[in-house]
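Residue strings, one per chain:
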Amino acid sequence: MVEESHRRVVLLLNHVLQQEPQATERLARQKGRVILSQWQQFTFKVQATPAGLLDLAQADASADLTLVILDDSPLAIAQALMQGGKPKVRIEGDVQLAAEINWLADHVRWDVEEDLSRILGDAPAHLLMQTGRTFAQALQQFVGQRAAPKASGAAA
């Protein structure tokens, strides 16, 4: 079950990568390199392919780059992402590969609305995404308001 969920994540990542030619060009230069992501006891190991996509790496493959998410709380990770940031990560390994992964994280975005428009049509997809953005903004404001008293209390 874990391997199947990893395969689904790889399919989604490759779908997003294929929408950005520069991303696949950059990743193709790293072919064969293995990236290990860790959060608590969860690990996810992928390998760059010659086509500039990702594939699951062999379990015994040694990682060229290790990314360890340091935040223990899924809420803290979600909060960082909702505020347009990144979770705290410890990076170990190949500097050039780390730079390419950082570029991908900064520049590649999933165009959810485009994918939804293929299924639902343009107008319903736009309405759904607009509603989702409004909800996300409200949630972000709520989280920000809840975090502000804690931050001011910590400063006192």
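To be clear, the structure that these remarks concern was listed above.
Residues numbered from 1 in each chain as written. Predicted model: local features only at pLDDT ≥ 70, side-chain atom pairs only at ≥ 80, totals over all residues. Heavy atoms only, no water.

(A) Seen up close, the side chain of arginine 26. On the secondary structure map, arginine 26 appears in helix H2 (residues 21-28). The class for arginine 26 is buried, based on a relative accessible area of 19%. A polar contact is formed between the side chain of arginine 26 and the side chain of glutamate 100, at a distance of 2.7 Å. Excluding residues that lie within four positions of it along the chain, arginine 26 makes contacts with Glu100 and Trp103. (Helix = DSSP H or I, 4+ residues; strand = E, 2+ residues; numbered from the N terminus. Buried < 20%, exposed > 50% of the residue type's maximum accessible area, 1.4 Å probe, protein only. Polar contact = N/O pair within 3.5 Å; in protein donor to acceptor, adjacent residues only side chain to side chain. Contact = heavy atoms within 4.5 Å.)

(B) Broad picture of the sheet that holds strand S4 (residues 65-69). One open sheet accounts for five strands, arranged S3-S2-S1-S4-S5; its pairing is mixed. In this open sheet, the two strands that pair with only one neighbour each are strand S3 (54-56) and strand S5 (89-93). Pairwise comparison of adjacent strand axes, ignoring direction, gives a mean angle of 25° for this sheet. With respect to the sheet, helix H1 (residues 2-18) is in contact with strand S2 (42-48) and S3, its orientation differing from that of S3 by roughly 175°. The strands touched by helix H4 (residues 95-107) within the sheet are strand S1 (34-39), S4 and S5, with S4 carrying the most contacts at an inclination of about 55°. (Pairing = 2+ DSSP bridges. Axes fitted to C-alpha atoms, helices over the stretch in contact; angles between N-to-C directions.)

(C) Geometry of H2. Residues of H2 that are buried include every one of Ala23, Thr24, Arg26 and Leu27, and no others. Down the axis of H2, the smallest arc covering the buried residues is 160°, so these residues share one side. Of the surrounding elements, those touching the buried residues of H2 are H1, S2, S3 and H4. (Arc of directions from axis to C-beta.)

(D) Layout of the side chain of threonine 49. Turning to its location among the elements, threonine 49 is positioned in the loop between S2 and S3. If we skip the residues at most four places from it in the chain, threonine 49 touches Leu27, Ala28, Lys31, Leu54 and Asp55.

(E) Here's a closer look at the pattern of salt bridges. Considering all chains together, one arrives at nine salt bridges under this definition. Across the pair arginine 29 and glutamate 100 runs a salt bridge whose closest N-O atoms are separated by 3.2 Å. In this pair, arginine 29 is assigned in the loop between H2 and S1 and glutamate 100 in helix H4, connecting sequence segments 71 residues apart. Connected through salt bridges with shared partners, the residues Arg26, Arg29 and Glu100 form a single ionic network. (Salt bridge = Lys/Arg side-chain N within 4 Å of Asp/Glu carboxyl O.)

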